[in-house]
Amino acid sequence: MFELRRLRLLHELALRGTLAAVAEALSYSPSTISQQLAQLERDAGVPLLIPDGRRVRLTEHGVALAAHAARALELEEQIRGELESLQAGIAPVRVAVLQTAAQAILPGALTLLADREPRLRVEIAEVPPEEGLFELSARGFDLVIAEQYPGHTRAHRAGLERESLGSDPIRLAVPREDPAGGVAELRDRAWVMEPAGTAARYWALQQCRAAGFEPDVRFEVADLTAQVRLIAAGRAVGVLPDLVWADLDPPVRLLDLPGNPAREIFTAARQSSASRSGIRAVRSALHDAFAARSGTVSRPPR
């Protein structure tokens with residue numbers, strides 16, 4: 001009989017690719033991971049791993065057993081969900097959230113949950129969407145709040161389901177004294193953008209290229225609050241979503257972009273656990289908190 005804990009280690013190795021990455025994700029030592037996988041090989045009676053340089057890779061048997069491990073973990077999650085439905089709050093809900101949602105949506109959602117499900121424990125970590133969706137697949141989180149920019153679709157990971165929270169307008173942000181009226185007038189300005197490889201960075205670059213120039217990305221900053229400060233200080237320009245303002249008046253001048261673009265904010269959960277009462281309660285509170293927000297942002301005079 002295979003032990004579920006060891007099957008999860010094999011599943012994690014199939015996802016993450018290295019023993020070191022599995023050890024870091026699960027807070028085990030690499031030697032412990034190796035010992036447990038060696039025992040799993042003995043239980044299986046076939047080789048599951050073979051050396052590949054300084055690493056290991058799955059054999060054909062290992063790939064097959066990893067696929068069965070994924071199904072076993074899904075079944076285990078479904079069973080836990082059924083048990084939780086008989087006693088709400090039996091397990092905490094771990095949520096990965098992008099920065100703007102943490103500022104603008106979570107406080108209201110947690111207030112609603114305190115009234116609706118006072119026994120439910122919700123654990124929050126601010127995580128970039130790319131990392132959060134991967135960790136959701138790897139069972140590091142139960143729910144992810146992520147974003148999707150117009151014209152830039154995210155890969156749909158197997159076993160995950162999405163629910164839209166709503167649209168978040170994206171606008172051009174310039175210092176208050178800047179006379180520019182649109183993107184095309186900012187070809188000679190310094191820009192602040194999120195790090196390369198993010199959907200936000202790719203989308204912002206496309207806006208500049210559509211206007212006929214390659215932006216001078218002088219500041220690469222993941223923290224949107226820091227971006228706002230740079231723009232307000234007159235050191236840069238950028239594109240920012242409305243959620244970044246939460247309930248504050250923007251200290252910058254906001255300009256509408258052509259077509260009034262908006263990013264989609266959505267939640268994602270594993271199909272095997274989406275029916276858990278705790279996850280349903282958190283999703284419901286997030287929907288209500290997002291809907292309660294005003295659809296417009298107050299702007300300082302131009």
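Residues numbered from 1 in each chain as written. Predicted model: local features only at pLDDT ≥ 70, side-chain atom pairs only at ≥ 80, totals over all residues. Heavy atoms only, no water.

Draft legend 1. Structural detail: the confidence of the model for the chain. When pLDDT is averaged along the chain, the result is 89; 95% of the residues meet or exceed 70. For the chain, per-element mean pLDDT is lowest for helix 4 (residues 60–86), which scores 82, and highest for strand 7 (residues 190–193), which scores 98. Counted against residues more than four places away or in other chains, residues 295–302, with its pLDDT under 50, gives 16 contacts. (pLDDT = per-residue confidence, 0-100. Helix = DSSP H or I, 4+ residues; strand = E, 2+ residues; numbered from the N terminus. Contact = heavy atoms within 4.5 Å.)

Draft legend 2. The arrangement of the pairing of strand 8 (residues 216–220) in detail. Where strand 7 meets strand 8, 4 bridges bridge the pair, whose relative direction is parallel. Paired with Ala190 across the bridge in strand 8 is Asp216. Regarding topology, helix 8 (residues 199–210) serves as the crossover connection from strand 7 to the parallel strand 8, and that connection is right-handed. (Pairing = 2+ DSSP bridges. Right-handed = clockwise from strand over helix to strand, strands pointing away.)

Draft legend 3. Local environment of the packing of aromatic side chains. Per the stated rule, a full pass over the model turns up 2 aromatic pairs. On the numbers, 5.7 Å between centres and 40 degrees between planes, the contact of Tyr149 with Trp203 is tilted. With a gap of 54 residues between them, Tyr149 in the loop between strand 5 (143–148) and strand 6 (160–174) and Trp203 in helix 8 connect regions that are remote in the sequence. Each member of the pair Tyr149 and Trp203 is classed as buried. Where Trp191 meets Phe213, the ring centres are 6.4 Å apart and the plane angle is 45 degrees; that geometry is what we call tilted. One end of the pair, Trp191, is in strand 7; the other, Phe213, is in the loop between helix 8 and strand 8, with 22 residues separating them in the sequence. For the residue pair Trp191 and Phe213, the accessibility class agrees, reading buried in each case. (Phe/Tyr/Trp six-rings, centres within 6.5 Å; stacked < 30°, edge-to-face > 60°. Buried < 20%, exposed > 50% of the residue type's maximum accessible area, 1.4 Å probe, protein only.)

Draft legend 4. How the structure looks around empty space enclosed by the protein. Enumeration over the complete set of coordinates arrives at 1 cavity of 30 Å³ or more. There is about 80 Å³ of room inside the largest cavity. Around the largest cavity, the lining residues are Tyr149, Val192, Met193, Glu194, Ala200, Arg201, Ala204, Leu224, Gln227, Val239 and Pro241. Elements supplying a minimum of two residues to the lining of the largest cavity: strand 7, helix 8, helix 9 (224–232) and strand 9 (238–241). For the lining of the largest cavity, the element with the most residues is helix 8, which contributes 3 residues. A per-class count over the lining of the largest cavity returns 8 nonpolar, 1 polar and 2 charged. (1 Å grid on protein atoms, 1.4 Å probe; cavity = no way out; pocket = protein on both sides within 12 Å on 5 of 7 lines; lining within 4 Å. Points joined across faces, edges and corners; volume = space filled by probe spheres on them. Nonpolar A, V, L, I, M, F, W, Y, C, P; charged D, E, K, R; others polar.)

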